Amino acid sequence: MDDSAARLSVHDFSKTDVGLLQSKELNQYILETNVYPREPEPLKEIRNATASQPWNFMITAPDGGALMALLLKLINAKKTIEIGVYTGYSLLLTALSIPDDGKIVAIDIDREAYEVGLPIIQKAGVEHKIDFIESQAIPILDKLLEDPKKEGSFDYAFVDADKANYLNYHERLMKLVRIGGLIVFDNTLWLGTVAWASDSLLDDRMKLIRHHMLKINKFLAEDARVQLSQVPVGDGLTICRRLY
Ligand code: SAM
Ligand code: CA
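What counts, and at which threshold
- Residues numbered from 1 in each chain as written.
- Chains lettered and ligands numbered in written order.
- Predicted model: local features only at pLDDT ≥ 70, side-chain atom pairs only at ≥ 80, totals over all residues.
- Heavy atoms only, no water.
- UniProt positions renumbered as here; feature names shortened; annotations may be inferred.
- Near = heavy atom within 4 Å.
- Polar contact = N/O pair within 3.5 Å; in protein donor to acceptor, adjacent residues only side chain to side chain.
- Areas by Shrake-Rupley, 256 points an atom, 1.4 Å probe, with all protein chains shown as cover.
- Nonpolar A, V, L, I, M, F, W, Y, C, P; charged D, E, K, R; others polar.
- Donors = N, O, S within 2.8 Å, 3.2 Å for Na, K, Ca; no water.
- Buried < 20%, exposed > 50% of the residue type's maximum accessible area, 1.4 Å probe, protein only.
- Salt bridge = Lys/Arg side-chain N within 4 Å of Asp/Glu carboxyl O.
- Helix = DSSP H or I, 4+ residues; strand = E, 2+ residues; numbered from the N terminus.
- Core = buried A, V, L, I, M, F, W, Y, C linked by side-chain atoms within 4.5 Å.
- Contact = heavy atoms within 4.5 Å.
- Phe/Tyr/Trp six-rings, centres within 6.5 Å; stacked < 30°, edge-to-face > 60°.
- Lys NZ or Arg CZ within 6 Å of the ring centre and 35° of its normal.
- Arc of directions from axis to C-beta.

The name an unreviewed UniProt entry gives the protein is Caffeoyl-CoA O-methyltransferase, with Tetracentron sinense as the organism. As its UniProt record puts it under Sequence similarities (unreviewed entry), the protein is described as follows: "Belongs to the class I-like SAM-binding methyltransferase superfamily. Cation-dependent O-methyltransferase family."

In structure tokens, the structure reads:
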């Protein structure tokens, strides 16, 4: 008998508003006290425009976004890579955080979703900083690596696409991002399920992503090439600083 209907899908989790904290009140307190009041207007607009989209739960969490904007400023990021754009929330926050002559290589297989946020990005006056590439990410990263001048030339990378490839992205980004630069991975706590004793309540897709997250979390924890911080904001951000 097929019992998949009884198992939890990503949609079940996204309907709750308890977040990783498992407390609706605390989650709301954080968002309402210091995230929403300081969220730039164009980012609010992208959130609103995304609300009516299918798969709208994929948008980067605004509390995670605020941390990323802070990191970008702290390291004076100018050249960045984004893998997984969707409607452009994290892309726009990056574009708003880097200088006017900064550049973002933004890769996604789905141009249609990017076009939902594009008019807002244009209105915000930052489209010139973005090189959007409609493609699978791996071939683009490999192409960048063919040019020796590109090695170590990026300050920051944000990884938020297919979780099965996180390790493949990490190896390539470790060459493209400079020593001292950051690679940030999203969803590394996968709705808290990485700490579950069993995955039997999850549907097959949730199970598979949980498996990938357990693998990358273990790999990064043992990777001496990076300084590491696993932060429980949004759906879990892992911040890696390249050491050598
Ligand atoms: N960072 C986005 C934001 O702030 O809203 C959310 C990204 S969403 C979670 C994941 C995106 O990764 C989707 O738009 C999907 O099309 C894209 N994606 C999935 N597999 C990919 C691949 N192999 N290469 C490039 N993009 C991919
Ligand atoms: Ca994400």
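With that out of the way, let us pick up the site of ligand 1. In the vicinity of ligand 1 there are 20 residues, among which Thr60, Ser90, Asp108, Gln136 and Asp160 approach most closely. For ligand 1, a nitrogen atom lies 2.8 Å from a polar atom in the side chain of Ser90. The fraction of the free accessible surface of ligand 1 (610 Å²) that becomes covered by protein chains is 91%. Residues that form the shell around ligand 1 fall into these classes: 10 nonpolar, five polar and five charged.

Our focus in this paragraph is the coordination of the calcium ion (ligand 2). Looking at the metal site, the calcium ion (ligand 2) is ligated by Asp160 (OD), Asp160 (OD), Asp186 (OD) and Asn187 (OD1), spaced 2.2 to 2.8 Å from it. Judged by relative accessible area, which is 14%, Asp160 ranks as buried.

What the rule picks out here adds up to 14 salt bridges. Put simply, Arg7 and Asp204 hold a salt bridge, and the shortest N to O gap is 3.5 Å. Of this pair, Arg7 sits in the segment before helix H1 (10-14) while Asp204 sits in helix H9 (residues 204-221); the two residues are 197 residues apart in sequence, bridging distant segments of the chain. One salt bridge connects Asp223 with Arg225, and the closest N-O pair in it is separated by 2.8 Å. By sharing partners, the salt bridges in this structure join Glu39, Lys44 and Arg47 into a single network.

One finds Ile81, Leu141, Tyr169 and Leu173 to be the most contacted residues of the largest nonpolar core, which totals 34 residues. When residues of this core are traced back to their parent elements, those giving at least two are H1, strand S1 (79-83), strand S2 (103-108), helix H7 (137-146), strand S4 (154-159), helix H8 (166-176), strand S5 (177-186) and H9. The contact partners of Tyr169, leaving out residues within four places of it in the chain, are Ile83, Ala137, Ile138, Leu141, Val159, Ala161 and Asp162. Counting residues in hydrophobic clusters, the runner-up holds 31 residues, among them Ile75, Ile98, Ile130 and Leu182.

Remark: the centre distance and the inter-plane angle together describe each pair of aromatic rings, the angle taken between the planes. Following the criterion strictly, the structure yields three aromatic pairs and no others. Consider the rings of Tyr114 and Phe132, whose centres lie 4.0 Å apart with planes at 5°: the pair is stacked. Residue Tyr114 is located in helix H6 (residues 111-123), and its partner Phe132 is located in strand S3 (residues 130-134); the two are separated by 18 residues in the primary sequence. For the pair formed by Tyr114 and Phe132, the shared burial category is buried. Between Tyr166 and Phe185, the ring centres sit 5.3 Å apart and the planes meet at 40°, which makes this aromatic pair tilted. One end of the pair, Tyr166, is in helix H8; the other, Phe185, is in strand S5, and 19 residues separate them in sequence. Comparing Tyr166 with Phe185 shows no difference in burial state: the two are buried. It is Lys79 that lies over the ring of Phe154; its NZ or CZ is 4.4 Å from the centre.

Once that is clear, we can look at H7. Along an α-helix, a turn takes 3.6 residues, which lines up residues three or four apart on a common side. Those residues of H7 that sit buried are Ala137, Ile138, Ile140, Leu141, Leu144 and Leu145. An end-on view of H7 places all buried positions within 165° of arc, on one side of the element. Residues of H7 that are exposed and angled more than 90 degrees away from the buried face: Lys143 and Glu146.

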